[in-house]
Amino acid sequence: MQLNQKVLISGLVLLSPELAMAYVGPGAGIGLVGALGGLALIVLISIGVILILPIRMLLRKKKAREEKEAKDDHSNLEDS
């Protein structure tokens, strides 16, 4: 028997619903939904962090620049 025939027969046996006569309770479905929900949440948070980080860096640079300009303006007022 060739390898392709063995793989085909094994696949058909594994996919046959007559051999899988077992009850899977609702707990397994709830666990699957919870796991997939957690995975989706992790992906969304990761994307959010990747998108927000450059914006935060730009805002910090802008704030530092404004503080430096305010300090320079304040020192110029004291000198005059």
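Coordinates for the structure precede this section.
Residues numbered from 1 in each chain as written. Predicted model: local features only at pLDDT ≥ 70, side-chain atom pairs only at ≥ 80, totals over all residues. Heavy atoms only, no water.

**Student:** Help me out: how do you make sense of the overall build of the protein chain in this one?
**Tutor:** Within the protein chain one finds two helices and zero strands. Put simply, the protein chain has 80 residues, and 1% of those count as buried. (Helix = DSSP H or I, 4+ residues; strand = E, 2+ residues; numbered from the N terminus. Buried < 20%, exposed > 50% of the residue type's maximum accessible area, 1.4 Å probe, protein only.)

**Student:** When you look at helix α1 (residues 3-15) in this model, what are you seeing that I'm missing?
**Tutor:** Because each turn of an α-helix spans 3.6 residues, side chains separated by three or four positions end up pointing in the same direction. Its 13 residues give α1 an end-to-end C-alpha distance of 18 Å, which sits within 8% of 18 Å, the value for a rise of 1.5 Å per residue. Counting buried positions over the 13 residues of α1 gives zero, only a small fraction of the element. (Expected span 1.5 Å × (residues − 1).)

**Student:** Explain a nonpolar patch on the surface here, please?
**Tutor:** The grouping of Leu32, Leu36, Leu39, Val43, Ile47, Leu51 and Ile52 at the surface amounts to a nonpolar patch, some 670 Å² of accessible area in total. Mapped onto the elements of the fold, Leu39 is located in helix α2 (residues 26-79). (Patch = residues over 30% accessible without salt bridge, like charges linked within 9 Å, V, L, I, M, F, W, Y side chains within 5 Å. Areas by Shrake-Rupley, 256 points an atom, 1.4 Å probe, with all protein chains shown as cover. Salt bridge = Lys/Arg side-chain N within 4 Å of Asp/Glu carboxyl O.)

**Student:** Is there a simple way to explain a negative patch on the surface in this structure?
**Tutor:** On the surface, Glu66, Glu67, Glu69, Asp72 and Asp73 cluster together into a patch of negative charge. Summarising the element assignment, Glu66 is placed in helix α2. Among the residues examined, Glu66 registers a relative accessible area of 45% and is labelled partly exposed. (Lys, Arg positive; Asp, Glu negative; His and termini not counted. Charge placed at Lys NZ, Arg CZ, Asp CG, Glu CD.)

By themselves, these observations are geometric and do not establish any function.
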